[in-house]
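For reference, the chains in residue letters:
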Amino acid sequence: QVHLVESGGGLVQAGASLRLSCGDSERSFSSRGMGWFRQAPGKGREFVATMAWWSGSRTDYADSVKGRFTISRDNAKKTVYLEMNDLKPEDTAVYYCARSRTGSGSTTVRDYDYWGQGTQVTVSS
C-alpha cells in the first residue's frame, strides 16, 4: 500500500517561508510524477505544483504561487518538497502531496492515484 506522509506545515506570519516534505514508502516513487495540491476551508482542492519523475524535469505551478513556490524531489530519499516563500494569508490551506498515475506530472486531481493525509499551513496577516 502506498503511504505518503507530509510534514513541515505550521503557523507563520505573512512574508515568511516554509518547506513542506512528503515521504513515499514505495520503491516506485522514482518512476512517478508528483504534485502538490491545497484545499482551503469551504473550497475545492486546487493545484499548486507538479513535476515529472526525474529531479531535473520541467515543473509547473499555479499562477497564484508562481515565483514564490518551488517543487523539487530527491528520488534517493523518496521525498518530494515544496519550498514556499513570501507566504500570504491566501495561501492558508491544508496542503496535500499526491502521486501521479504515470511518470508525468499533472495539474489535474484525477491524474493522481494516491494522496497524503495533508498538512496545515496557516499564514497570519
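Notes on the structure in this doc start here. (Residues numbered from 1 in each chain as written. Predicted model: local features only at pLDDT ≥ 70, side-chain atom pairs only at ≥ 80, totals over all residues. Heavy atoms only, no water.)

## Regarding the state of the cysteines
What counts, and what does not: Whenever a pair of cysteine sulfur atoms sits within 2.5 Å, that pair is classed as a disulfide. Helix and strand definitions here come from DSSP, where helices need a minimum of 4 consecutive H or I residues and strands a minimum of 2 consecutive E residues; each element is numbered from the N-terminal end. Three labels apply to residues, based on accessible area from a 1.4 Å probe with only protein chains included: buried if under 20% of the type maximum, exposed if over 50%, partly exposed otherwise in between.
The full count for this structure, using the stated rule, is one disulfide. Through a disulfide, C22 is tied to C97; the S-S separation comes to 1.9 Å. In this structure the cystine formed by C22 and C97 twists about its S-S bond by roughly 40°; its chirality is therefore right-handed. Of this pair, C22 sits in strand β3 (residues 18–24) while C97 sits in strand β9 (residues 93–100), and the two are 75 residues apart along the sequence. Exposure class is identical for C22 and C97. Each is buried.

## Notes on the packing of aromatic side chains
In plain terms, the rule: Two rings belonging to Phe, Tyr or Trp (six-membered ring only in the last case) form a pair when the distance between their centres is within 6.5 Å. Interplanar angles under 30 degrees mark stacking, angles over 60 mark edge-to-face geometry, and anything in between is tilted.
Scanning the entire structure with this criterion turns up five aromatic pairs. Geometrically, the ring pair formed by F37 and F47 is edge-to-face, given 5.8 Å between the ring centres and 70° between the ring planes. Here F47 lies in strand β5 (residues 46–51) and F37 lies in strand β4 (residues 34–39), a separation of 10 residues in the sequence. One exposure class covers both F37 and F47, and it is buried. By way of ring pairs, the aromatic residues F37, F47, Y112 and W115 are connected into one cluster.

## Structural notes on the sheet that holds strand β1 (residues 4–7)
Working definition: the strands of a sheet are paired by backbone hydrogen bonds and lie parallel or antiparallel to each other. Rules: At least two bridges found by DSSP between two strands is the condition for calling them paired. For helices, the fitted axis covers only the stretch in contact; all axes are lines through C-alpha atoms, and the angles between them, taken along N-to-C directions, range from 0 to 180 degrees.
Taken together, four strands build an open sheet; the order of strands is β1-β3-β8-β7 and the sheet is antiparallel. Of all the strands in the sheet, just β1 and β7 (69–74) have a single pairing partner and so form its edges. Going from strand to strand, the sheet's axes swing by 15° on average, the running direction of each strand aside. Where β1 meets β3, four bridges bridge the pair, whose relative direction is antiparallel. Counted as the bridge partner of L4 is D24 from β3.

## Thoughts on the pairing of strand β11 (residues 119–124)
Of the two faces of β11, only one is covered, namely that formed by T119, V121 and V123; the face formed by Q120, T122 and S124 stays uncovered. Pairing geometry for β9 and β11, over three bridges, is antiparallel. Along β11, the bridge assignment pairs Y95 with T119.

## Regarding the environment of L18
Spelled out, the test is: Pairs of residues are marked as contacts when any of their non-hydrogen atoms sit within 4.5 Å.
As for its position among the elements, L18 is in strand β3. The buried category is assigned to L18, whose relative accessible area is 14%. It is 19 Å that separates the C-alpha atoms of L18 and T59, two residues lying 41 residues apart in sequence. Beyond its immediate sequence surroundings of up to four residues, L18 is in contact with G8, G9, G10, V12, L82, E83, M84, L87 and V121.

So yeah, pure geometry; function would need other evidence.
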